[in-house]
Amino acid sequence: MRYCAHRNLTPGTNRLFLMTTPLIRIDHASKTFALPDGGAFHAVRDVSLEVNAGDIFGLIGKSGAGKSTLLRLFNLLERPDSGRVFVDGRELTALSKRELRDARSNIGMIFQQFNLLQNATVFDNVAFPLRIHGGHTPAQITARVNQCLELVELSGKAANYPAQLSGGQKQRVAIARALASGPAVMLCDEPTSALDAETTRALLATLRDINRRLNVTIVIVSHELSVLGEICNRVAVIEDGAIAEQFALDDAASLAEPRKTALGRELAQHGAASALAANTVNTEAAYV
Ligand SMILES: Nc1ncnc2c1ncn2[C@@H]1O[C@H](COP(=O)(O)OP(=O)(O)O)[C@@H](O)[C@H]1O
Ligand SMILES: [Mg+2]
């Protein structure tokens, strides 16, 4: 069994990361869609990027920039026309269907509209990936589902149906489902865009917690600067299917460099302001 095949979800028992190579590598990936008029639309243009283990990596850009298409290349929900995708030491673009199914259990995904099974309970929604993947006893499934629901603080809702939950609770069920198979990576496509501001803050705190306590690497797509500025340590600005620029939000030198895009400038200012606020709090704490 590979070291990542089944992650312990218990906080404080984090696995070791392989620090020498990036956890995710997209290598010169392009994706074109055929248009009804016979033309072609280049949704992703020669994108190369690396995401390190432990990152919360943000993809930001306007609507239609190609963010969702790019994110769907990370788990091959969209197959690139050219280029290669590596996740956790495996080249996804070189795998057979069966191998890809196995590799995908290492990559969870959540969506703006939650994508829950409406006719299944919360418990059964979270159990779903474990049941289709096979290899688990009913007792193991029950234990795992309960553990995941506890992580997102929804233990009391196991018997509810999605229609009986708030938007924030639905997204937390989706997170529990994404975590069920113990993934190394979680892909989030506009996870807070259907939520109000307060619920967004709580959900971002949950994602940050999952990243820090369980060491799940997160790639998050958003058109909202405040969302990415809040939790990401690295960001890439996507324009017309390509990376216009990328930089670290947790590094003063990187934040001080001139930026190429308006979104990049705003994000850098947001990052610098957050760092200043954090320093102020630390300084104040020293005087208490
Ligand atoms: N299956 C598809 N067929 C044709 N065009 C598509 C398809 N999926 C996405 N596109 C086009 O690709 C572009 C990028 O889409 P998308 O990745 O969803 O952007 P974003 O998530 O940044 O809003 C859009 O112009 C969209 O219309
Ligand atoms: Mg999108």
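The model shown is predicted, which means the values in this text are computed figures rather than measured ones. (Residues numbered from 1 in each chain as written. Chains lettered and ligands numbered in written order. Predicted model: local features only at pLDDT ≥ 70, side-chain atom pairs only at ≥ 80, totals over all residues.)

Colleague: Before we move on, can you summarise the overall build of the protein chain with the specific residues and values?
Modeller: Along its length, the protein chain carries nine helices and 10 strands. Per-residue burial over the protein chain gives 38% buried out of 288 residues. (Helix = DSSP H or I, 4+ residues; strand = E, 2+ residues; numbered from the N terminus. Buried ≥ 20, exposed ≤ 12 C-beta atoms within 10 Å, placed from the backbone.)

Colleague: Describe unusual backbone geometry, and please don't skip the residues or the numbers.
Modeller: Located in the positive-phi region is D46, a residue other than glycine, with phi close to 45°. A positive phi angle, close to 50°, is found at D240, a residue other than glycine. Inspection of the secondary structure puts D240 in the loop between β9 (234–239) and β10 (242–248). By the C-beta count within 10 Å, which is 14 here, D240 ends up partly exposed.

Colleague: Lay out helix α3 (residues 122–133) in plain terms, naming residues and giving numbers.
Modeller: Among the residues making up α3, those that are buried are V122, F123, N125, V126, A127 and L130. Note on α3: the residue one or two positions beyond its end, G134, has a positive phi of about 75°.

Colleague: Can you explain the site of ligand 1? Please cite residues and give values.
Modeller: Near ligand 1 you find F33, F41, A43, G61, S63, G64, A65, G66, K67, S68 and T69, and these make up its full shell. Those elements giving two or more residues to the shell around ligand 1 turn out to be β2 (40–51) and α1 (67–74). When residues of the shell around ligand 1 are assigned to their parent elements, the largest contribution, three residues, is made by α1. The class makeup of the residues in the shell around ligand 1 is four nonpolar, six polar and one charged. (Near = placed C-beta within 6 Å. Nonpolar A, V, L, I, M, F, W, Y, C, P; charged D, E, K, R; others polar.)

Colleague: Outline the pairing of strand β4 (residues 82–87), supporting the account with residue identities and numerical values.
Modeller: Pairing geometry for strand β1 (residues 24–34) and β4, over five bridges, is antiparallel. Each residue of the ladder has a partner; that of I24, found in β4, is V87. Bridge analysis of β4 against strand β5 (residues 90–91) gives two bridges, and the strand direction is antiparallel. Each bridged residue has a counterpart across the sheet, and for V87 the counterpart in β5 is R90. What sits between the antiparallel neighbours β4 and β5 is a turn of two residues, in which D88 has the positive phi angle 55°. (Pairing = 2+ DSSP bridges.)

Colleague: Go over the sheet that holds β2, please, and point to the residues and values.
Modeller: The antiparallel open sheet is built from four strands, whose spatial order is β2-β1-β4-β5. With partners counted over all chains shown, the strands left at the sheet margins are β2 and β5, one partner each.

Colleague: Talk me through the environment of D189; I want residue IDs and the actual numbers.
Modeller: Of note, D189 is situated in strand β7 (residues 185–189). Residues D189 and F114, spaced 75 residues apart in sequence, show a C-alpha to C-alpha distance of 9.8 Å. Apart from the residues lying within four places of it in its own chain, the contact partners of D189 are S68, L71, F111, Q112 and V221. (Contact = placed C-beta atoms within 7 Å.)

Colleague: Hey, could you go over helix α4 (residues 138–151) for me, with residue numbers and the actual values?
Modeller: Given 3.6 residues per helical turn, the α-helix brings residues three or four places apart onto the same face. Given a rise of 1.5 Å per residue, 14 residues ought to cover 20 Å, and the 20 Å separating the end C-alpha atoms of α4 matches this to within 8%. Taken as a whole, α4 has its buried residues at R144, V145, C148, L149 and L151. Looking down the long axis of α4, one finds its buried residues gathered within 155° of arc, a one-sided arrangement. Seen from the open side of α4, the exposed residues pointing more than 90 degrees away from its buried face are A139, A143 and E150. Where α4 is buried, its residues meet α3 and α5 (167–179). (Expected span 1.5 Å × (residues − 1). Arc of directions from axis to C-beta.)

Colleague: Account for the sheet that holds strand β3 (residues 56–60), with residues named and values stated.
Modeller: As summarised here, the arrangement of the six strands in space is β6-β7-β8-β3-β9-β10, forming an open sheet in which the pairing is mixed. Looking at which strands have only one partner, the edges of the open sheet turn out to be β6 (107–111) and β10. Sheet twist, expressed as the average angle between the axes of neighbouring strands with direction ignored, equals 15°. Pairing of β3 with strand β8 (residues 217–222) involves five bridges; the strand directions are parallel. What sits directly across from L59, in β8, is V221. (Axes fitted to C-alpha atoms, helices over the stretch in contact; angles between N-to-C directions.)

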